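The primary structure of each chain is shown beneath.
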Amino acid sequence: MPSYTVTVATGSQWFAGTDDYIYLSLVGSSGCSEKHLLDKPFYNDFERGAVDSYDVTVDEELGDIQLIKIEKRKYWLHDDWYLKYITVKTPCGDYIEFPCYRWISGEGEIVLRDGRAKLACDDQIHILKQHRRKELETRQKQYRWMEWNPGFPLSIDAKCHKDLPRDIQFDSEKGVDFVLNYSKAMENLFINRFMHMFQSSWSDFADFEKIFVRISNTISERVMNHWQEDLMFGYQFLNGCNPVMIQRCLKLPDNLPVTTEMVECSLERQLTLEQEVEQGNIFIVDFKLLDGIDANKTDPCTLQFLAAPICLLYKNLANKIVPIAIQLNQVPGEENPIFLPSDAKYDWLLAKIWVRSSDFHIHQTITHLLRTHLVSEVFGIAMYRQLPAVHPIFKLLVAHVRFTIAINTKAREQLICEYGLFDKANATGGGGHVQMVQRAMQDLTYTSLCFPEAIKARGMDNTEDIPYYFYRDDGLLVWEAIKTFMAEVVDIYYKSDQVVEEDQELQDFVKDVYMYGMRGKKASGFPKCIKTKEKLCEYLTVVIFTASAQHAAVNFGQYDWCSWIPNAPPTMRAPPPTAKGVVTIEQIVDTLPDRGRSCWHLGAVWALSQFQDNELFLGMYPEEHFIEKPVKEAMARFRKNLDSIVSVIAERNKNKKLPYYYLSPDRIPNSVAI
Ligand SMILES: [Fe+2]
């Protein structure tokens, strides 16, 4: 009688093991085996991290093994099980690998295919076609789209983390509980004593150090020491945690009536302002998206305010970018003066603080939440709904959407919901952040997610002309590395453009992203279908770059740049100044966040900047969904490329007082998970 050796690997995360009964059946081209209980006498099977082997003898020849079926039945209490993979050694000595990397819950069962990636057109056998179809039918029932707020990209239909399919939940819910993390942050930072002190202003700037000192690190300390300097202010638009706002100014905006006379003492080339614009030395950051957004009214005891500044910057003779004019609101007028470096010290400082605060709002809600978290979730949901596990693109993307739906669900549950933690300290809390996302949807175009094009669109692509833009330089290296890797994988599975075009599952994935994620908006420029291998490579590069590099660039610098509160005030407690020459230091301190809000903010930026335990960085694929050698070789080349980028960045950063490391691949997690 034919005998098979079946090896079963259980996951090593918490609670991955099970005491339930596990049955296995083999489905071959000539027949299907009986159901076998996998059990070794006097042995605790399927413990966490275990790799157990079993002999399975069947009554008749099964032919080629096409599927294996695993059933889990209750032993005592339901005990979820995380199955990594199964390998089957056939009677003729061949090994077949069946990757799983999924949870089996309750009285669950799972049917697995061997690990070779297949497009639908490669499957001719009826039961394999049927398996593909059934898997998607089941997934589409589990992964449903939901509109969380009108006009938002659709998100997952789940009220809370525990409602999510088990496979996409965090291993331990505790690790990502924002309420717990905030409290942990407060404790670690020794700031508990201040956190209830709402409405209580700090006495002066130095007073902020009371909450800061415990957790200072190299960059944030430098920010604390230099935040008032124009050079530091300008530098942040290039290499801070929101490096996506600055644009080359091609024409002075009509609503910023700034003249050469006003900025003369900042210009170093004996040219008029218009000539400086023509020569490409003027840059602009316009926060018009904030115009008319409602400020947080959730605390009747604290009035909070927003502005919508326009900031003009200048590239000086040392090639450094410095601010030269700031208008705090969009409509020019007597009560909306243009602040200048030549103004009184505190006038200019407060104007810059308003810009920093506005930048913080755009960063948090648009650059970070919308353009990385929510976008990545869209790709994740569409992937689960439209691509079966055997599809090469599923195998490729699954590592890059890991925990993304979970973290967003948690955020909707605790952070950005009505009465959520976000409302505590942010001027855009209480609904302003929702209005901002709704507005920003019109700029959420496909090309704006294509990194090289996004840089070009802002006129920031010339490296000689604009040196020191490390976000751009490092981002391009990582983008190219991902794109090369994508081209190699796409080449393995798609022999021609026609194969791409005829891959209905892939087309359904792309269409889901367009219809539900981008709400079917033609102006988004998101493709409705993909016709060529080249376009497919680009699309996949967008998915992976957004989830990994772009998120890392805007997430992990939050503590560095936003912990020194005057450099990134999450709220302002007095309206923008309407005249010059009246601002005092006391007024600035009374405008800045109070003690309580400062602590909540600090807790937030600290918690959000932490890597997870056992973080998986770009190119790390411990789950072996792919078993084919050419793909594994492509992955190895990808990692080698990334390693050399790590070295290039380390060399560049050597001896820099402000190193830029957010896009060093060894610090870029694979997916959006915090
Ligand atoms: Fe994040």
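Residues numbered from 1 in each chain as written. Predicted model: local features only at pLDDT ≥ 70, side-chain atom pairs only at ≥ 80, totals over all residues. Heavy atoms only, no water.

Q: Now, about the coordination of the iron ion: what can you tell me, with residues and values included?
A: Binding of the iron ion to the protein goes through His368 (NE2), His373 (NE2), His551 (NE2), Asn555 (OD1) and Ile674 (O), at separations of 2.1 to 2.4 Å. As a motif over one chain, the donors of the iron ion read H-x4-H-x177-H-x3-N-x118-I. Residue histidine 373 is found in helix α9 (residues 345-386), and its partner histidine 551 is found in helix α19 (residues 533-555); the two are separated by 178 residues along the sequence. Taking the relative accessible area as the measure of exposure, histidine 373 reaches 6% and is therefore buried. Accessibility expressed as a relative area gives 1% for histidine 551, which makes it buried. (Donors = N, O, S within 2.8 Å, 3.2 Å for Na, K, Ca; no water. Helix = DSSP H or I, 4+ residues; strand = E, 2+ residues; numbered from the N terminus. Buried < 20%, exposed > 50% of the residue type's maximum accessible area, 1.4 Å probe, protein only.)

Q: I'd like to hear about the pairing of strand β7 (residues 95-104), residue by residue, with values.
A: The side chains of a regular strand alternate between both faces of the sheet. Counting buried positions along β7 gives seven out of ten residues, so the element sits mostly inside the fold. Inspection of the sheet shows strand β6 (residues 81-89) paired to β7 by eight bridges, in the antiparallel sense. Bridging from a neighbouring strand, isoleucine 86 pairs with phenylalanine 98 of β7. Between β6 and β7, which pair antiparallel one after the other, the connecting turn spans five residues, and glycine 93 there sits at a positive phi close to 90°. (Pairing = 2+ DSSP bridges.)

Q: Talk me through a nonpolar patch on the surface; I want residue IDs and the actual numbers.
A: Side chains of Tyr21, Leu37, Tyr75, Trp76 and Leu77 sit close together on the surface and give an oily, nonpolar patch of about 620 Å² of accessible area. Topologically, leucine 77 is positioned in the loop between β5 (65-73) and β6. A residue is classified by how much of its surface remains accessible, and leucine 77, at 60% relative accessible area, is exposed. (Patch = residues over 30% accessible without salt bridge, like charges linked within 9 Å, V, L, I, M, F, W, Y side chains within 5 Å. Areas by Shrake-Rupley, 256 points an atom, 1.4 Å probe, with all protein chains shown as cover. Salt bridge = Lys/Arg side-chain N within 4 Å of Asp/Glu carboxyl O.)

Q: Pulling in residues and values, what's your account of helix α1 (residues 126-142)?
A: An ideal rise of 1.5 Å per residue puts 24 Å on 17 residues; α1 measures up with 25 Å between its terminal C-alpha atoms. Along α1, the positions that sit buried rather than exposed are Leu128, His131, Arg132, Glu135, Leu136 and Arg139. Axial view of α1: buried residues confined to an arc of 125°, hence all on one face. Counted as exposed and oriented over 90 degrees from the buried face of α1: His126 and Lys141. Where the residues of α1 are buried, they touch β5, β7, β8 (109-113), α9, α10 (392-397) and α18 (504-517). (Expected span 1.5 Å × (residues − 1). Arc of directions from axis to C-beta. Contact = heavy atoms within 4.5 Å.)

Q: An account of the sheet that holds β5 is requested, with residue identities and associated values reported.
A: One open sheet holds the four strands; their spatial order is β3-β2-β5-β8, and the pairing between them is antiparallel. Each end of this open sheet is capped by a strand with a single partner; those strands are β3 (36-37) and β8. In terms of strand pairing, β5 meets β8 through five bridges, oriented antiparallel. Bridge assignment links lysine 69 to a residue of β8, and that residue is valine 111.

Q: Now, about the nonpolar core: what can you tell me, with residues and values included?
A: Counting 179 residues, the largest nonpolar core has Ile246, Phe509 and Trp561 as the members making the most contacts within it. For this core, the leading source of residues is α9, giving 20 residues. Within the second largest apolar cluster, 25 residues are counted, among which are Tyr4, Leu26, Leu62 and Ile86. (Core = buried A, V, L, I, M, F, W, Y, C linked by side-chain atoms within 4.5 Å.)

Q: Can you lay out the pattern of salt bridges for me, pointing to particular residues and giving the numbers?
A: By the definition in use, this model includes 35 salt bridges. Across the pair aspartate 512 and arginine 385 runs a salt bridge whose closest N-O atoms are separated by 3.0 Å. Here arginine 385 lies in helix α9 and aspartate 512 lies in helix α18, a separation of 127 residues in the sequence. Note on accessibility: aspartate 512 and arginine 385 belong to one class, buried.

Q: Account for the environment of glutamate 261, with residues named and values stated.
A: In this structure, glutamate 261 sits in helix α7 (residues 260-263). Along the primary structure glutamate 261 and phenylalanine 422 are separated by 161 residues, whereas in three dimensions their C-alpha atoms are 43 Å apart.

Q: Tell me about the UniProt feature "domain: PLAT" (unreviewed entry) in the protein chain, residues and numbers included.
A: When the UniProt feature table is mapped to this numbering, "domain: PLAT" (unreviewed entry) covers residues 2-118. Counted over residues 2-118, helix gives 0% and strand 50%. Its end C-alpha atoms are 28 Å apart. (UniProt positions renumbered as here; feature names shortened; annotations may be inferred.)

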